[in-house]
Amino acid sequence: MGNSHRWLEKIAPSLRLHLLDWYRSHGRSLPWRSIRDPYAIWISEIMLQQTQVNTVLPYYRRWLQEFPTVHDLARASRDHVLKQWEGLGYYRRAHYLHQAAQEIVDRFQGGFPADLPTVLSLPGIGRTTAGGILSAAFNLPHPILDGNVKRVLARLVALPTPPAKAQSRLWTLSGILLDRCEPRCFNQALMDLGALVCRPKHPQCCLCPWQKDCRAYNQGRQFNLPLAMPIRTRPHKLIAVAVVFRGQELLIDQRPESSMLGGLWEFPGGKIEPGETAAECAVREVKEEVGIDVVAEQELATVEHEYTHFSITLIAYICRYQSGTIQPLQCADVRWIQPQDLPQFAFPMANQKLFPHLHAWLATHPL
DNA sequence: GATTCGTGGTC
DNA sequence: TGACCAAGAAT
């Protein structure tokens, strides 16, 4: 291990030159690279967490249109912020952005901090995001360690373990390699190398500026590195959902802040218990979550959805209000709304899959 | 260190 | 189809 570090220190100057040279002619041109506004760069870094560039691009543009400065974000409503994030996933990121924006306004009068400990103190910002912001916005020499960098480094040194089990060592390697004179370009270049050349499936070693020094390549192991973590199987859940009508009005509730998909709105529902029908479950969940009595009238649709760690089948019922007053018993909020107002609320993707079926039902059931 | 967070894309 | 992955952080 010590040998590996000394070897890397020795060849690092040459690696930096080759990488920066490659980056000048092959680097991607991205909207957050042509600016220095730390607020906008921060937004891009948060959106890019576990999310591909092409997915982020439209959200990034809309966000800066909607919240051009940290002040605009800080004074926006939480529902409005979540609505702009709808569909991007990892919704806690939106809450953290909102909280951090208010902190930046309150603690620093809206000026983005430029030192590592303070940046790290903001919610939703870890070491990689902090390094990314500080190097991109202020050209400060802080290393990064995202998925691209982990893969590049794991191949460069022929890492003997899965990257997840060598975090500390990989941070050291990223710090050794970092070009202290051009940290901004270097970090961006390192990520582009991972995204464009040192790709997970088909690494383009013949185009790589580090080919002659790469241990994986020299050992013919570029297709087998980095080593993978053992897999675990994902459970499947059966969920009943109640689309409750009271006359023209529709019932929606807001998920608790601390739960999965926290702050998003949904149709009430929950896991079907053993020996229970989906319709019985839908009625029971409405009673438990918002305290009213309904009857299940008709099955609306069944949809499937995949999450990272489990999959679900949603069985949705059109239900009719019977009695009681809505209360947020197991949710953050609950409301009767007009069906045409649905787009004003942020919904998880699994619920959105029900929307076309609901529209079709409404079209054939006037009144 | 291992888990929990979403969604869209690829093969 | 299912596995895998993408500019990770918080617990």
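Quick note: structure is the one above.
Residues numbered from 1 in each chain as written. Chains lettered and ligands numbered in written order. Predicted model: local features only at pLDDT ≥ 70, side-chain atom pairs only at ≥ 80, totals over all residues. Heavy atoms only, no water.

J.: Give me the lowdown on the side chain of Glu86, citing residues and values where you can.
T.: Looking at where Glu86 falls in the secondary structure, it is placed in the loop between α5 (78–85) and α6 (92–108). The exposure class of Glu86 is buried, given its relative accessible area of 17%. Reaching out from Glu86, the side chain makes a polar contact with the side chain of Lys83 at a distance of 2.7 Å. Glu86 has contacts with Tyr59, Tyr91, Phe345, Ala346, Phe347 and Gln352, leaving out every residue within four places of it along the chain. (Helix = DSSP H or I, 4+ residues; strand = E, 2+ residues; numbered from the N terminus. Buried < 20%, exposed > 50% of the residue type's maximum accessible area, 1.4 Å probe, protein only. Polar contact = N/O pair within 3.5 Å; in protein donor to acceptor, adjacent residues only side chain to side chain. Contact = heavy atoms within 4.5 Å.)

J.: Lay out the packing of α5 against α6 with the relevant residues and their values.
T.: Axis separation between α5 and α6 bottoms out at 9 Å; the angle between their running directions is 135 degrees. Comparing the axis directions of α5 and α6 gives the class oblique. Two packed elements cross with a definite hand, and for α5 against α6 that hand is right-handed. Counted together, Arg78, Val81, Leu82 and Trp85 of α5 and Arg93, Ala94, His95, Leu97 and His98 of α6 form the full contact between these two elements. Within the contact of α5 with α6, the residues separate by chemical class into 5 nonpolar, 2 polar and 2 charged. (Axes fitted to C-alpha atoms, helices over the stretch in contact; angles between N-to-C directions. Parallel < 35°, antiparallel > 145°, perpendicular 65-115°, else oblique. Left-handed = near helix turned anticlockwise from the far one by under 90°. Nonpolar A, V, L, I, M, F, W, Y, C, P; charged D, E, K, R; others polar.)

J.: Outline the pattern of salt bridges, listing residues and values.
T.: If you walk through the whole model with that rule in mind, you get 17 salt bridges. Across the pair Arg28 and Asp192 runs a salt bridge whose closest N-O atoms are separated by 2.8 Å. One end of the pair, Arg28, is in the loop between α1 (2–26) and α2 (38–47); the other, Asp192, is in helix α11 (residues 183–197), with 164 residues separating them in the sequence. Asp192 gets classed as buried once you look at its relative accessible area, which sits at 0%. Here Arg255 makes a salt bridge to Glu266, at a shortest N to O gap of 3.0 Å. Separated by 11 residues along the polypeptide, Arg255 in the loop between β2 (249–254) and β3 (265–266) and Glu266 in strand β3 bring together distant segments of the chain. Here Arg255 and Glu266 have matching classes, each one buried. One network of salt bridges, in which partners are shared, links Glu276, Arg284, Glu285 and Glu288. (Salt bridge = Lys/Arg side-chain N within 4 Å of Asp/Glu carboxyl O.)

J.: Please set out the environment of Trp85 residue by residue, giving values where relevant.
T.: By the element assignment, Trp85 lies in helix α5. Note on Trp85: relative accessible area 0%, which makes it buried. Distance in space between the C-alpha atoms of Trp85 and Gln102 is 17 Å, their sequence separation being 17 residues. The contact partners of Trp85, leaving out residues within four places of it in the chain, are Ile46, Met47, Tyr59, Trp63, Tyr90, Tyr91, Arg93, Ala94 and Leu97.

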